[in-house]
Amino acid sequence: MSLKIIDNKFVKEIYNKTEMINYYTDISHSIGLFKCEKILLEKHLNFEDKILDIGCGAGRTTISLYNMGYKDIIGLDIAEEMIKCAKSLCSNIDFVVGDATKLEYNRETFDKCIFSFNGIMLIPRRESRLKALKEINRVLKNGGYFIFSTPYLDNKLESKFWTDESIKWKHRNYNRRLYEFGDILIDDFGIEEIFIHIPKISEVIECLNEAGFEVAEYMPRLNICSEEERIEEQLDDELFWIAKK
Ligand SMILES: C[S@@+](CC[C@H](N)C(=O)[O-])C[C@H]1O[C@@H](n2cnc3c(N)ncnc32)[C@H](O)[C@@H]1O
């Protein structure tokens, strides 16, 4: 049996799986916004903003923000089962199926766009992530903000795993289904292959600039605050990014 090509279709299939739906529904109910997200989003969002929550999953961030008073919010996700689930959790919010790399909105529609929980790094290939950033830039109003999180390689490169990876890529001995150094397939939630790209900080800055953004700020999650123990266990030490159009 031939192995699947890692593309947006592959990502969509993974996030439509019951195991994923159950996990994201559970955290939507039982956790809501992480403490650090709440601090950051309350600082940068205004109640009158038109907000697009990209990669909203089962609506963890969308529903929390709506309940906090950010009523002009749309949740968008590539996985239709996630959207069905989000709709069943909150029927007042407009949840839509859509792809970050081809957003079906006019230019300058939104004041703020969000892509939480490292979601943008689930998009395979640098050129597609760049396409998503260009689309987000297009639909944002001038002076609008894109707020998102990513894992990062800079703090991991010394580890055995990444030292081995770097040798494999140098000797062209890597998994040929992957595209760039930093790409990995992880086994989690009982699903064998979940794709994620772990970028270097310089790569994120380069892509943001290429897409027309100015980096306003980026910071490690733990510089904002730490979470309750049961939540800490599920999080990496990712970076939060605030980019301005
Ligand atoms: C890590 S999950 C986070 C879900 C939700 N934001 C949360 O924090 O609970 C990332 C989500 O991004 C979605 N996603 C991945 N690629 C996407 C794309 N190209 N366009 C829109 N959504 C995408 C996945 O389907 C998944 O639901």
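Since this is a predicted model, take the numbers as computed values, not measurements.

Scoring rules and cut-offs
- Residues numbered from 1 in each chain as written.
- Predicted model: local features only at pLDDT ≥ 70, side-chain atom pairs only at ≥ 80, totals over all residues.
- Heavy atoms only, no water.
- Axes fitted to C-alpha atoms, helices over the stretch in contact; angles between N-to-C directions.
- Helix = DSSP H or I, 4+ residues; strand = E, 2+ residues; numbered from the N terminus.
- Parallel < 35°, antiparallel > 145°, perpendicular 65-115°, else oblique.
- Left-handed = near helix turned anticlockwise from the far one by under 90°.
- Contact = heavy atoms within 4.5 Å.
- Nonpolar A, V, L, I, M, F, W, Y, C, P; charged D, E, K, R; others polar.
- Buried < 20%, exposed > 50% of the residue type's maximum accessible area, 1.4 Å probe, protein only.
- Pairing = 2+ DSSP bridges.
- Salt bridge = Lys/Arg side-chain N within 4 Å of Asp/Glu carboxyl O.
- Near = heavy atom within 4 Å.
- Polar contact = N/O pair within 3.5 Å; in protein donor to acceptor, adjacent residues only side chain to side chain.
- Areas by Shrake-Rupley, 256 points an atom, 1.4 Å probe, with all protein chains shown as cover.
- Lys, Arg positive; Asp, Glu negative; His and termini not counted.

S.K.: Would you mind going over the packing of helix α2 (residues 18-30) against helix α5 (residues 80-89) with me for this structure?
M.R.: Relative placement of two packed helices is described by the angle separating their axes and the distance separating the axes. Look at α2 against α5: their axes get within 10 Å of each other, and the N-to-C directions meet at 30°. Classified by the angle between their axes, α2 and α5 sit roughly parallel to one another. The way α2 lies across α5 gives a crossing that is right-handed. In this structure, α2 contributes Met20, Ile21, Tyr24, Thr25, Ser28 and His29 to the contact, and α5 contributes Glu81, Met82, Cys85 and Leu89. Split into classes, the residues belonging to the contact of α2 with α5 amount to six nonpolar, three polar and one charged.

S.K.: It is not clear to me how the pairing of strand β7 (residues 191-197) should be interpreted in this structure. Could you clarify?
M.R.: For a regular strand, the rule is simple: side chains alternate between the two faces of the sheet. For β7, the buried fraction is high: five of the seven residues fall into the buried class. The sheet contact formed by strand β6 (residues 183-188) and β7 spans five bridges and is antiparallel. The partner of isoleucine 184 across the bridge, within β7, is isoleucine 196. Between the antiparallel neighbours β6 and β7 lie two residues, among them phenylalanine 189 with a positive phi of about 50°.

S.K.: I would appreciate a short explanation of the pattern of salt bridges in the present structure.
M.R.: As a working rule, side chains carrying opposite charge can pair if their charged atoms are close by. By the definition in use, this model includes 23 salt bridges. Between glutamate 80 and lysine 12 there is a salt bridge, and its shortest N-O distance comes to 3.6 Å. A residue pair is termed long-range when its members are at least 10 positions apart, and glutamate 80 in helix α5 and lysine 12 in helix α1 (residues 8-15) qualify at 68 residues. For glutamate 80, a relative accessible area of 30% translates into the label partly exposed. Relative accessible area serves as the criterion here: at 29%, lysine 12 is assigned to the partly exposed category.

S.K.: Is there a simple way to think about the site of the ligand in this case?
M.R.: Near the ligand you find 20 residues, and of these Gly55, Arg60, Asp77, Ala100 and Ser116 are the closest. One nitrogen or oxygen atom from the main chain of glycine 55 is found 2.7 Å from a nitrogen atom belonging to the ligand. The side chain of arginine 60 places a nitrogen or oxygen atom 2.9 Å from an oxygen atom of the ligand. Here the ligand loses 99% of its free accessible area of 600 Å² to cover by the protein chains. For the shell around the ligand, a count of residues per class yields eleven nonpolar, six polar and three charged.

S.K.: Please clarify how the side chain of aspartate 53 should be interpreted in this entry.
M.R.: Relative to the helices and strands, aspartate 53 is located in strand β1 (residues 51-54). The buried charged residue aspartate 53 lacks any salt bridge partner; its closest oppositely charged side chain belongs to arginine 60, at an N-O distance of 7.8 Å. There is a polar contact of 2.7 Å between the side chain of aspartate 53 and the side chain of threonine 62.

S.K.: Please clarify how the sheet that holds strand β8 (residues 214-220) should be interpreted in this entry.
M.R.: Within a sheet, neighbouring strands are paired by backbone hydrogen bonds and run either parallel or antiparallel to one another. As summarised here, the arrangement of the seven strands in space is β3-β2-β1-β4-β5-β9-β8, forming an open sheet in which the pairing is mixed. Both edges of this open sheet fall to β3 (94-97) and β8, since each of them pairs with a single strand only. Adjacent strand axes in the sheet meet at a mean angle of 15°, parallel and antiparallel pairs treated alike. The pairing of β8 with strand β9 (residues 239-244) spans six bridges and is classified as antiparallel. Note on β9: the bridge partner recorded for proline 220 is leucine 239.

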